[in-house]
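What follows is the residue order along each chain.
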Amino acid sequence: EAAVTQSPRNKVTVTGGNVTLSCRQTNSHNYMYWYRQDTGHGLRLIHYSYGAGNLQIGDVPDGYKATRTTQEDFFLLLELASPSQTSLYFCASSGDRAYEQYFGPGTRLTVL
Amino acid sequence: AQSVTQPDARVTVSEGASLQLRCKYSYSGTPYLFWYVQYPRQGLQLLLKYYSGDPVVQGVNGFEAEFIKSNSSFHLRKASVHWSDSAVYFCAVSTGANTGKLTFGHGTILRVHP
């Protein structure tokens, strides 16, 4: 079974702060994704990637950057965090069957 | 663009009762359909998937879902629920294009009374 880990699990920052969320998958999957989960909205795709150095824009990309440094590692960057970015963030990965995604445990981010 | 509607935000049933969680999708082609489950303080786990063939697909823990193209639906069912089934259930759709993108519904919170 695919293993996806995220760090940190919880993060509190202030408005205007700089935050990096990390995701690692250990199954050599090509695809990796960042989602945010908010009550009343379900999961919304922020950015995704289909390989090291590749980045694709998702459905709610504003205020977020992402980098895929290796096959295993995908980072989400909030350079000027705002309270509207308080959310639960999930990373996921998928292999050749790009539709079947495996999720990490989530990072809860609070922006004060 | 595709979309998913889960009309029931919350469902409460008694242990041992049957269950149906509704999902309707919007997509002009043949979709790839999924149900994911999220237990408290955990990430999402794949429950079952439909790609093609038999429209009734079996998943883990006794769950099944039926793809009805004429109704654009992919409802999740279970014959007899257990209290441990309490979780949030998400329906998702992919167009099958090689983007890997899934579109999720807003989720249904299931509470099972012991």
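Residues numbered from 1 in each chain as written. Chains lettered and ligands numbered in written order. Predicted model: local features only at pLDDT ≥ 70, side-chain atom pairs only at ≥ 80, totals over all residues. Heavy atoms only, no water.

Colleague: I tried to follow the state of the cysteines on my own but got confused; where do I start?
Modeller: Cysteine pairs can be covalently joined through their sulfur atoms, and such a bond is termed a disulfide. Evaluated as defined, the whole model comprises 2 disulfides over all chains. Note on cysteine connectivity: A:Cys23 is disulfide-linked to A:Cys91, with sulfurs 1.9 Å apart. With the S-S dihedral at roughly -75 degrees, the linkage between A:Cys23 and A:Cys91 falls on the left-handed side. Remark: A:Cys91 occurs in strand β9 (residues 87-94) and A:Cys23 occurs in strand β3 (residues 19-25); sequence separation between them is 68 residues. With a relative accessible area of 0%, A:Cys91 lands in the buried category. Put simply, B:Cys23 and B:Cys91 are joined by a disulfide, and their sulfur atoms are 2.0 Å apart. Since a negative S-S torsion denotes a left-handed disulfide, the B:Cys23-B:Cys91 link at about -65 degrees is left-handed. (Disulfide = S-S within 2.5 Å. Helix = DSSP H or I, 4+ residues; strand = E, 2+ residues; numbered from the N terminus. Buried < 20%, exposed > 50% of the residue type's maximum accessible area, 1.4 Å probe, protein only.)

Colleague: For this particular structure, what's the right way to read the pattern of salt bridges?
Modeller: Side chains carrying opposite charge are able to pair once their charged atoms draw close together. By the definition in use, this model includes 10 salt bridges over all chains. Where A:Asp59 meets B:Lys101, a salt bridge forms, and the shortest distance between an N and an O atom there is 3.3 Å. In this pair, A:Asp59 is assigned in the loop between β6 (56-57) and β7 (65-68) and B:Lys101 in the loop between β10 (87-94) and β11 (103-104), connecting two distinct chains. Relative accessible area serves as the criterion here: at 48%, A:Asp59 is assigned to the partly exposed category. Put simply, B:Asp8 and B:Arg22 hold a salt bridge, and the shortest N to O gap is 2.8 Å. Remark: B:Arg22 occurs in the loop between β3 (19-21) and β4 (24-26) and B:Asp8 occurs in the loop between β1 (3-5) and β2 (10-14); sequence separation between them is 14 residues. A cluster of three or more residues bridged by salt bridges with shared partners is formed by A:Arg36, A:Asp38 and A:Arg44. (Salt bridge = Lys/Arg side-chain N within 4 Å of Asp/Glu carboxyl O.)

Colleague: For this particular structure, what's the right way to read the interface of chain B and chain A?
Modeller: Bring the parts together and some accessible area is lost; that lost area is often taken as the interface size. Chain B puts 23 residues into the contact, and the matching count from chain A is 22 residues. Summing the contributions of chain B and of chain A, the shared interface buries around 1800 Å²; its carbon and sulfur component is 53%. One can count 2 salt bridges joining chain B with chain A. Across the salt bridge formed by B:Lys49 and A:Glu100, the nearest N and O atoms sit 3.5 Å from each other. Put simply, chain B and chain A have 4 residue pairs in polar contact (both at pLDDT 80 or more) between them. Of all the elements in the fold, those that place two or more residues in the side of chain B that touches chain A are β5 (32-38), β6 (44-50) and β10 of chain B. (Contact = heavy atoms within 4.5 Å. Buried area = accessible area lost by both parts, 1.4 Å probe. Polar contact = N/O pair within 3.5 Å; in protein donor to acceptor, adjacent residues only side chain to side chain.)

Colleague: So what exactly am I meant to see when it comes to the environment of A:Asn18 here?
Modeller: Residues and elements named next belong to chain A. Considering the arrangement of structural elements, one finds Asn18 in the loop between β2 (10-13) and β3. Along the primary structure Asn18 and Ser82 are separated by 64 residues, whereas in three dimensions their C-alpha atoms are 10.0 Å apart. Non-local contacts of Asn18, meaning those with residues more than four positions away in its chain, are made with Leu78 and Glu79.

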